[in-house]
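The chain contents come next:
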Amino acid sequence: MRVSALILPVYPWREGRHVWREAEDLGFHAAYTYDHLSWRTFRDGPWFGAVPTLTAAAGVTERLRLGTMVTSPNFRHPVTLAKDVMTLDDVSDGRVTVGIGAGGIGFDAAVLGQAPWSTAERTERFEEFVPLLDRLLTDGDTTHHGKHYSAYEARMLPGCVQRPRAPLAIAATGPRGLALAARHGQAWITTGPARKGDETDPELLPGIIAGQLDGLGRACAAEGRDPAELSHILLTGFTQERPLASVQAFVDFAGRYAALGIDEIVVHRPVPGTCFDPGQGVYEKLPAAVAAAFGG
């Protein structure tokens, strides 16, 4: 079991540099940030770009893995994203994971002036976006003419430090997204239930995630892959569970999900005065507690 941090991009760099270095010093496996242009109640406050933040974080850390949790087609294009990822992988000397999802209907969905896409269109775009991003990061020269995304002689040289490319972590709960994870992913991400309302009963949540893992297993079988080839990541903070109530509460929580097959749990670094305020005094102790409980 690994424990990683989700660091909101709300810190001016004079403060942020210490926050990212702290995550490495505390022993977190990875530190991710959200790739949004603005987000929820943070919309009217400081909110910095994901790729520049991760690039700066790479410069003040040495071992910590870094990544997006998650980027999406809402305002990204595969060609420009691939160039950013390749560069970030170089700057970090091969410590980048690209978390990617289909996107939602929040602020990012209309920020470029378009009407928010339907669920069907988001899924369709996701199914084109991920394979093209995979190809761009793997090949040095890509030409593609698709329904939503195209590339003409897109050069990605010298390529990623990690070979054949930086790993993709696919956020998905439905069959089509799970199929993408099985086909292209090195990791799979869940935040819990896909349906609104199901997140309210903590007793039901392990069963729901077990069902998602079963779906991932079937998708992997269809692709001829062993599900164990993918890391299984749970991003916390979107259900009524309270794993940061205490260190022991988190260890118990991690044990429940480790038994299902989750091997990485991501927690938000507390931001005082916000919905991510709980956990002060617990966050700092989690890497050592997980290492003691699960080994490593």
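Treat the numbers as computed from the prediction; the structure is a model and nothing was measured.

## Quick notes on the overall build of the protein chain
Next, step 1: When helices and strands are counted, the protein chain shows 8 helices and 10 strands.
Next, step 2: Its C-alpha radius of gyration of 18 Å places the protein chain within 12% of the 19 Å reference for a compact globule of 296 residues.
Next, step 3: Taking all 296 residues of the protein chain together, 51% fall into the buried category.
Next, step 4: Across the protein chain, contacts joining residues at least 24 apart in sequence account for 72% of those joining residues at least 6 apart.
Next, step 5: Element-wise, carbon and sulfur atoms account for 54% of the exposed surface of the protein chain, whose accessible area totals about 13,000 Å².
Next, step 6: Where the 28 positive side-chain charges of the protein chain centre and where its 34 negative ones centre are 2 Å apart.

## Overview of the sheet that holds strand E2 (residues 30-33)
Next, step 1: Ordered in space as E1-E2-E3-E4-E7-E8-E9-E10, the 8 strands form a closed barrel in which the pairing is parallel. Taking each pair of neighbouring strands and ignoring which way they run, the sheet shows an average axis angle of 25°.
Next, step 2: Note: E2 against strand E3 (residues 65-71), 4 bridges, orientation parallel. What sits directly across from Ala31, in E3, is Leu66.

## Re unusual backbone geometry
Next, step 1: Omega for the peptide link from Met69 to Val70 comes to 0°, which places this bond in the cis form.
Next, step 2: Put simply, Leu157 and Pro158 share a cis peptide bond, and its omega is 15°.
Next, step 3: With respect to the helices and strands, the residue Pro158 is situated in the loop between strand E6 (150-155) and strand E7 (168-171).
Next, step 4: Phi is positive for Arg40, close to 50°, though the residue is something other than glycine.
Next, step 5: Relative to the assigned elements, Arg40 resides in the loop between E2 and helix H2 (50-60).
Next, step 6: With phi around 45°, Glu153 is a residue other than glycine that occupies positive phi space.
Next, step 7: Within the secondary structure, Glu153 sits in strand E6.

## Observations regarding the side chain of Asp89
Next, step 1: Tracing the backbone shows Asp89 in helix H3 (residues 78-91).
Next, step 2: For the buried Asp89, no salt bridge is present, and the opposite-charge side chain at shortest range is Arg65, 5.7 Å distant.
Next, step 3: With residues near it in sequence (within four places) discarded, Asp89 still touches Gly94, Arg95, Val96, Cys160, Val161, Gln162 and Ala166.

## Here we look at the UniProt feature "domain: Luciferase-like" (unreviewed entry) in the protein chain
Next, step 1: Here the UniProt-annotated "domain: Luciferase-like" (unreviewed entry) positions come out as residues 12-194.
Next, step 2: Annotation note: span residues 12-194, helix share 38%, strand share 19%, distance between end C-alpha atoms 33 Å.

## Some words on the pattern of salt bridges
Next, step 1: In the structure shown here, the tally under the stated rule is 14 salt bridges.
Next, step 2: One salt bridge in this structure joins Arg269 and Glu22, with 2.8 Å as the shortest N-O distance. With Arg269 in the loop between strand E10 (264-268) and helix H8 (286-294) and Glu22 in helix H1 (residues 13-26), the pair connects residues that are 247 residues apart, well separated along the chain.
Next, step 3: The partner of Lys147 in a salt bridge is Glu124, and the shortest N-O contact between them spans 3.1 Å. Residue Lys147 is located in the loop between strand E5 (141-145) and E6, and its partner Glu124 is located in helix H4 (residues 119-138); the two are separated by 23 residues in the primary sequence.

## Quick look at empty space enclosed by the protein
Next, step 1: Within the structure shown, the criterion is met by 2 cavities of 30 Å³ or more.
Next, step 2: The computed volume of the largest cavity comes to approximately 80 Å³.
Next, step 3: Val51, Leu54, Thr68, Thr71, Leu81, Asp84, Val85, Leu88, Val96, Thr97 and Val98 are the residues that line the largest cavity.
Next, step 4: At the level of secondary structure, the elements contributing two or more residues to the lining of the largest cavity comprise H2, E3, H3 and strand E4 (96-100).
Next, step 5: Per element, the largest residue contribution to the lining of the largest cavity is 4 residues, and it comes from H3.
Next, step 6: Within this model, the second largest cavity holds a volume of roughly 60 Å³.
Next, step 7: Looking at the lining of the second largest cavity residue by residue, the class counts come to 5 nonpolar, 5 polar and 1 charged.

## Observations regarding the nonpolar core
Next, step 1: Core analysis: the largest hydrophobic core is formed by 83 residues, its most contacted members being Leu8, Trp20, Leu133, Trp188 and Phe250.
Next, step 2: Here the element with the most residues in this core is H4; it accounts for 7 residues.
Next, step 3: Contact partners of Trp20, with chain neighbours within four places excluded, come to Ile7, Trp13, Ala31, Tyr32, Thr33, Thr53, Leu54, Ala57, Val60, Thr61, Leu64 and Leu66.

Definitions and cut-offs
Residues numbered from 1 in each chain as written. Predicted model: local features only at pLDDT ≥ 70, side-chain atom pairs only at ≥ 80, totals over all residues. Heavy atoms only, no water. Helix = DSSP H or I, 4+ residues; strand = E, 2+ residues; numbered from the N terminus. Rg over C-alpha atoms; globule rule 2.2 N^0.38 Å. Buried < 20%, exposed > 50% of the residue type's maximum accessible area, 1.4 Å probe, protein only. Contact = heavy atoms within 4.5 Å. Areas by Shrake-Rupley, 256 points an atom, 1.4 Å probe, with all protein chains shown as cover. Lys, Arg positive; Asp, Glu negative; His and termini not counted. Charge placed at Lys NZ, Arg CZ, Asp CG, Glu CD. Pairing = 2+ DSSP bridges. Axes fitted to C-alpha atoms, helices over the stretch in contact; angles between N-to-C directions. Salt bridge = Lys/Arg side-chain N within 4 Å of Asp/Glu carboxyl O. UniProt positions renumbered as here; feature names shortened; annotations may be inferred. 1 Å grid on protein atoms, 1.4 Å probe; cavity = no way out; pocket = protein on both sides within 12 Å on 5 of 7 lines; lining within 4 Å. Points joined across faces, edges and corners; volume = space filled by probe spheres on them. Nonpolar A, V, L, I, M, F, W, Y, C, P; charged D, E, K, R; others polar. Core = buried A, V, L, I, M, F, W, Y, C linked by side-chain atoms within 4.5 Å.

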